Amino acid sequence: MSVDAGARRLAAPRAQADALRDPQAIIGRRIGPEAIQKLAELNLRFLKGVPNGWGVVMKDCDLSGLDMRGLNFSHGHFIGCNFEGADLEDARFIGANLFSANFDKANLTRTDFSHADLRGACFENAELSDARLEGADLRRGVVIRSGDRIQSNRENSSFRNASMHGTILSECKLLGADFEGAALSGVNLQGADLREANFAGAELKGVELAGANLADADFRRAIMDEQTTSRGDMMRATKARRAPGPDRMKRILANHLIWIQTGQRQGERADFSHMDLSRTDLSGAVLASAVFRGAILADVNFERAILAAADFRDAILIRANLAKADIRGADLRGANLRDALQDGIRMGELAGVKLSTRT
């Protein structure tokens, strides 16, 4: 590490502590609409070097639901603040300190967080279309306040179920970040540190992963298009098992049918656990008691399939066609059935074995 880099790392917690010692620091307050506009004016004067400006410093303040569209809070401090449900469209937080901030369900369309400190921040169910976060720090972390070490309640940054279209996350520090259930389309993650990141149930389309560090990133239950997988070095990432080719699939289905017909004495039970079967046509297939645990089954056609007593625990069944399928006695605990077609589906108890469909 260079001397300059080391100095910057040491200076960061000192800067946080100095900010909180500001006699004007706002701590633990509910901020109203008029107050936020006034604070934005003060911060803008500060950024322009105009007299009577003030770089905003807040900690544990409630800014939920506020209309903050187009406001400029660059280089401000909002440690542990709550922005839940706020409208931050076109707002600017360039270089801001937003450690452990909460942006759940917020509108962050085109919001600029470039080079911001967002360690431990939460963006669950947020709208992040065209937002800019390049160079932002989204790792787990702690802050220093009055010499005391304060641990965030949400140690890892989270983008669970967030909508991310055209979002720029290039060169971001995303160690251990949680993208479970997020929709990523045209997202730029070039050069990002994604070690140990979780993408369970996330859908990635046209995502740029060139130069990203994907070591131990978990893509086992992620829905990824070929464009995304071809752009990143997935060698050290954890991925789903590949789907069998057409000939092997025919053998698996035939052996499973024999296994059923012979009371498990011959043939072999079909085991698709942790396998990526996206867009596979299994309509009308006899797969009673088959294992799909943790499998990626997005857009799979199960129409009229026999799936009684099958194991679908933690499977991703987004947009799967289950019309008129028999899932009596199947185990669907933890499965994601978002937008799945379920017209005429057979559910409930499976006669003779006292098993009911579990969800």
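Fair warning: this is a prediction, and the values are worked out from it, not measured in the lab.

(A) Just the overall build of the chain, in detail. The secondary structure content of the chain amounts to 4 helices and 13 strands. By residue count, 50% of the 359 residues in the chain fall in the buried class. The long-range fraction of contacts in the chain, counting pairs at least 24 apart against all pairs at least 6 apart in sequence, stands at 27%. By element, 45% of the accessible surface of the chain is carried by carbon and sulfur atoms, the whole surface being about 16,900 Å².

(B) Main features of the sheet that holds strand S2 (residues 57-59). Strand order in the open sheet made by the 3 strands is S1-S2-S3, with parallel pairing throughout. The two strands at the open ends of the sheet, each matched to only one other strand, are strand S1 (26-27) and strand S3 (77-79).

(C) Representation of the side chain of Ser-170 within the structure. Summarising the element assignment, Ser-170 is placed in the loop between strand S6 (163-165) and strand S7 (183-185). Setting aside chain neighbours within four positions, we find Ser-170 in contact with Glu-134, Gly-135, Asn-188, Leu-189 and Gln-190.

(D) Representation of the pattern of salt bridges. The full count for this structure, using the stated rule, is 23 salt bridges. A salt bridge links Arg-69 to Asp-67; the shortest N-O distance between them is 2.7 Å. Accessibility expressed as a relative area gives 38% for Asp-67, which makes it partly exposed. Across the pair Arg-160 and Glu-180 runs a salt bridge whose closest N-O atoms are separated by 3.0 Å. A residue pair is termed long-range when its members are at least 10 positions apart, and Arg-160 in the loop between strand S5 (148-151) and S6 and Glu-180 in the loop between S6 and S7 qualify at 20 residues. With a relative accessible area of 33%, Arg-160 lands in the partly exposed category. Relative accessible area serves as the criterion here: at 26%, Glu-180 is assigned to the partly exposed category. Within this structure, Glu-203, Lys-205, Asp-299 and Arg-319 form a network of salt bridges that share partners.

(E) Focus on the packing of aromatic side chains. Enumeration over the complete set of coordinates arrives at 18 aromatic pairs. For the ring pair Phe-272 and Phe-292, a centre distance of 5.2 Å and an interplane angle of 20 degrees mean the geometry is stacked. Note that Phe-272 is positioned in the loop between helix H4 (246-261) and strand S12 (349-350) and Phe-292 in the loop between H4 and S12, a separation of 20 residues in sequence. The exposure classification of Phe-272 matches that of Phe-292, with both residues buried. Linked through ring pairs, Phe-73, Phe-78, Phe-83, Phe-93, Phe-103, Phe-113, Phe-123, Phe-159, Phe-179, Phe-199 and Phe-219 together constitute an aromatic cluster.

(F) Geometry of the environment of Ile-36. On the secondary structure map, Ile-36 appears in helix H2 (residues 33-48). Among the residues examined, Ile-36 registers a relative accessible area of 0% and is labelled buried. Sequence separation between Ile-36 and Leu-66 is 30 residues; the distance between their C-alpha atoms is 8.3 Å. Setting aside residues no more than four positions away along its own chain, Ile-36 makes contact with Ile-31, Met-58, Leu-63, Leu-66, Asp-67, Met-68, Leu-71 and Phe-73.

Definitions and cut-offs
Residues numbered from 1 in each chain as written. Predicted model: local features only at pLDDT ≥ 70, side-chain atom pairs only at ≥ 80, totals over all residues. Heavy atoms only, no water. Helix = DSSP H or I, 4+ residues; strand = E, 2+ residues; numbered from the N terminus. Buried < 20%, exposed > 50% of the residue type's maximum accessible area, 1.4 Å probe, protein only. Contact = heavy atoms within 4.5 Å. Areas by Shrake-Rupley, 256 points an atom, 1.4 Å probe, with all protein chains shown as cover. Pairing = 2+ DSSP bridges. Salt bridge = Lys/Arg side-chain N within 4 Å of Asp/Glu carboxyl O. Phe/Tyr/Trp six-rings, centres within 6.5 Å; stacked < 30°, edge-to-face > 60°.

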